[in-house]
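Observations on chain architecture
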Amino acid sequence: MTTRIDPVEEKINELKKQTDFYVHEIKKTVEKLFIPDSVNIISYFTSSFNISYNPDEESLCLGSYHIRNIGNQPITNPYLCIKLPEESPFSFSGRYVYEHFAPNLKGNSSWERINDQSSKEEFWLRPIGKTTLEPNETLSFPNFQIKWGHNFSYSGSIMGFTYCDQLKDGVVVLNPINLNGISHTQEDENE
């Protein structure tokens, strides 16, 4: 007695064989692409929000900026830039020091702001005591805050850029923080 294979089952088996072939070919191609001295990093934000819809209260974004060396070579002298939109209602704060601070205020896990203190839109930061980021290592600027009020509508993206000796043009953050909302007073006017 012969068993007849259902046409759908036959098609599934055919597609499985085709997929297995493609996966095998991709693996062979990737093995040929080995790059002996690869410099590659990614940077990304992690964040949480406390959004207030009361015009008398501020909203808050708590975030951290992470730099991960996904290459197979160390990177040297990493630093980053967190950029707020021009003329936005967002204010930035974080745990960083300035060059003129007393040495006892600068710990090895501190970050130093290296651009003009008066800039409210760009925050250039470098880690103190960390000049090399090894392969598969992550460096983080933790627990920054972005605050804004709801008395006006707001919209903008918080951008991030990572630089090092090997990547002078920088690498943009994978996931900018996008913020937008309409104030209650503007909603009332639109109705």
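So, here's what we can say about the structure. Keep in mind that this is a model prediction, so the values were computed, not measured. (Residues numbered from 1 in each chain as written. Predicted model: local features only at pLDDT ≥ 70, side-chain atom pairs only at ≥ 80, totals over all residues. Heavy atoms only, no water.)

1. Here we look at the overall build of the chain
Counting its secondary structure elements, the chain contains two helices and twelve strands. In the chain, buried positions account for 29% of the 191 residues. Sequence separation of at least 24 residues holds for 69% of the intrachain contacts in the chain that already meet a minimum separation of 6. Accessible surface computed for the chain: about 12700 Å², of which carbon and sulfur atoms make up 51%. (Helix = DSSP H or I, 4+ residues; strand = E, 2+ residues; numbered from the N terminus. Buried < 20%, exposed > 50% of the residue type's maximum accessible area, 1.4 Å probe, protein only. Contact = heavy atoms within 4.5 Å. Areas by Shrake-Rupley, 256 points an atom, 1.4 Å probe, with all protein chains shown as cover.)

2. As for the pairing of strand 7 (residues 122-127)
Residues Phe-123, Leu-125 and Pro-127 line the buried face of strand 7, whereas the alternating positions Glu-122, Trp-124 and Arg-126 sit on a face that is not buried. Two elements, strand 6 (residues 111-113) and strand 7, share three bridges in a ladder whose sense is antiparallel. Across the sheet, Glu-112 pairs through a bridge with Arg-126, a residue of strand 7. (Pairing = 2+ DSSP bridges.)

3. Considering the sheet that holds strand 2 (residues 58-69)
Judged by pairing direction, the sheet is antiparallel, and its four strands sit side by side in the order 1-2-9-5 without closing on themselves. Pairing within the sheet leaves two strands with one partner each, and these edge strands are strand 1 (41-50) and strand 5 (91-93). Within the sheet, the average angular offset between the axes of one strand and its neighbour, ignoring direction, is 25°. In this structure, strand 5 lies alongside strand 9 (residues 138-149), joined through three bridges in antiparallel fashion. Directly across from Phe-92, in strand 9, lies its bridge partner Ile-146. (Axes fitted to C-alpha atoms, helices over the stretch in contact; angles between N-to-C directions.)

4. Examining the environment of Ser-47
In this structure, Ser-47 sits in strand 1. With 15 residues separating them along the chain, Ser-47 and Leu-62 place their C-alpha atoms 5.5 Å apart. Beyond its immediate sequence surroundings of up to four residues, Ser-47 is in contact with Cys-61, Leu-62, Gly-63 and Ile-177.

5. Here we look at unusual backbone geometry
As a rule of thumb, non-glycine residues mostly have phi less than zero, and peptide bonds are mostly trans rather than cis. Located in the positive-phi region is Glu-87, a residue other than glycine, with phi close to 50°. Note on placement: Glu-87 falls in the loop between strand 4 (79-83) and strand 5. Positive phi values are uncommon outside glycine, yet Asn-136 reaches one of about 65°. Structurally, Asn-136 is set in the loop between strand 8 (132-133) and strand 9.

6. Observations concerning the packing of aromatic side chains
Counted under the stated rule, the structure contains 14 aromatic pairs. Judged by centre distance (5.2 Å) and plane angle (15°), the ring pair of Tyr-79 and Tyr-163 falls under stacked. Of this pair, Tyr-79 sits in strand 4 while Tyr-163 is found in strand 10 (residues 154-164), placing the two residues 84 residues apart along the sequence. Relative accessible area serves as the criterion here: at 26%, Tyr-79 is assigned to the partly exposed category. Every member of this aromatic cluster is reached through a ring pair, and the members are Phe-45, Tyr-65, Phe-92, Tyr-96, Tyr-98, Trp-111, Phe-123, Phe-141 and Phe-144. (Phe/Tyr/Trp six-rings, centres within 6.5 Å; stacked < 30°, edge-to-face > 60°.)

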